[in-house]
Structures are given as C-alpha cells and as structure tokens.
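# Tertiary structure, described
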Amino acid sequence: MPDIEIPCIQCKEIFQFTEKEQEIFYERNLMPPQRCPQCRGKKAGQAQAESGSKFEIVCDHCGKHDKVPFQPKVGRPVLCKDCYNASRSRARVA
Ligand SMILES: [Zn+2]
Ligand SMILES: [Zn+2]
C-alpha cells in the first residue's frame, strides 16, 4: 500500500497518511484521519484544556454556580470569578 496524501479538513494542508499508519488504522477498523497531525495535536490539547481542569463550584458569597480551573479545598470558602475578583480588588484598595 502506498502512502496516501490527504488534505486536512481543518487547515487544508496536504499530509501523508503513511503505509504504517494505514496498517494501524486498518487493523483497528478506523476511518482514515481527516486532520493533519498538527491539527490533531491541537484538538487533543484543546479537549484536555477544556475537560481536564474545570471544577464546578457554588460560590460561598453569592451562591452562583461557576467553574474554576483548580480543585476547591474542602472546608474552605470558594468564590465565583466575580466575587473572587471583587475580593481581590477590595484587598488591593485596603
Ligand atoms: Zn491541519
Ligand atoms: Zn459569587
């Protein structure tokens, strides 16, 4: 099987779908890739950033539901973005 050239559906660059990759895809019964390796990498990175580090919180101050990029500590007050920023600016003023 020769290498196949596939135009990336995302950036329109032509990339090589190599013989080796074709074998792997064929073995696993997968569809040929539609994105070049760069775009595939980007997509994986994005998915990780979106799903990896968001924690649902309920603001201790205003009761609003929010998502924060860190694991809230149990027993510690958690603040939504607004209250957090407000408390920070207040702290700066005082
Ligand atoms: Zn691409
Ligand atoms: Zn709040």
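Scroll up a little and you will see the structure.
The following refers to the structure shown.

Basis of the calculations
- Residues numbered from 1 in each chain as written.
- Chains lettered and ligands numbered in written order.
- Predicted model: local features only at pLDDT ≥ 70, side-chain atom pairs only at ≥ 80, totals over all residues.
- Heavy atoms only, no water.
- Donors = N, O, S within 2.8 Å, 3.2 Å for Na, K, Ca; no water.
- Tetrahedral: all angles 85-135°; square planar, octahedral: opposite > 155°, others 65-115°.
- Buried < 20%, exposed > 50% of the residue type's maximum accessible area, 1.4 Å probe, protein only.
- Helix = DSSP H or I, 4+ residues; strand = E, 2+ residues; numbered from the N terminus.

### Examining the coordination of the zinc ion (ligand 1)
All of the protein donors around the zinc ion (ligand 1) are Cys8 (SG), Cys11 (SG), Cys36 (SG) and Cys39 (SG); their distances to the metal are 2.2 to 2.4 Å. Here the zinc ion (ligand 1) is ringed by four donor atoms whose angles at the metal span 103 to 118°, and the overall shape comes out tetrahedral. For the zinc ion (ligand 1), the single-chain donor residues occur in sequence as C-x2-C-x24-C-x2-C. Each member of the pair Cys36 and Cys39 is classed as buried.

### Some words on the coordination of the zinc ion (ligand 2)
Surrounding the zinc ion (ligand 2) are the protein donor atoms Cys59 (SG), Cys62 (SG), Cys80 (SG) and Cys83 (SG), which sit 2.2 to 2.4 Å from the metal. The site at the zinc ion (ligand 2) holds four donor atoms, and with the angles between them running 105 to 113°, its shape is tetrahedral. Written as a sequence motif, the donor residues of the zinc ion (ligand 2) are C-x2-C-x17-C-x2-C. Here Cys59, found in the loop between strand S3 (55–58) and strand S4 (65–68), pairs with Cys83, found in helix H3 (residues 81–93); they are 24 residues apart in sequence, far enough to count as distant. The pair Cys59 / Cys83 is uniform in exposure class, with both members buried.

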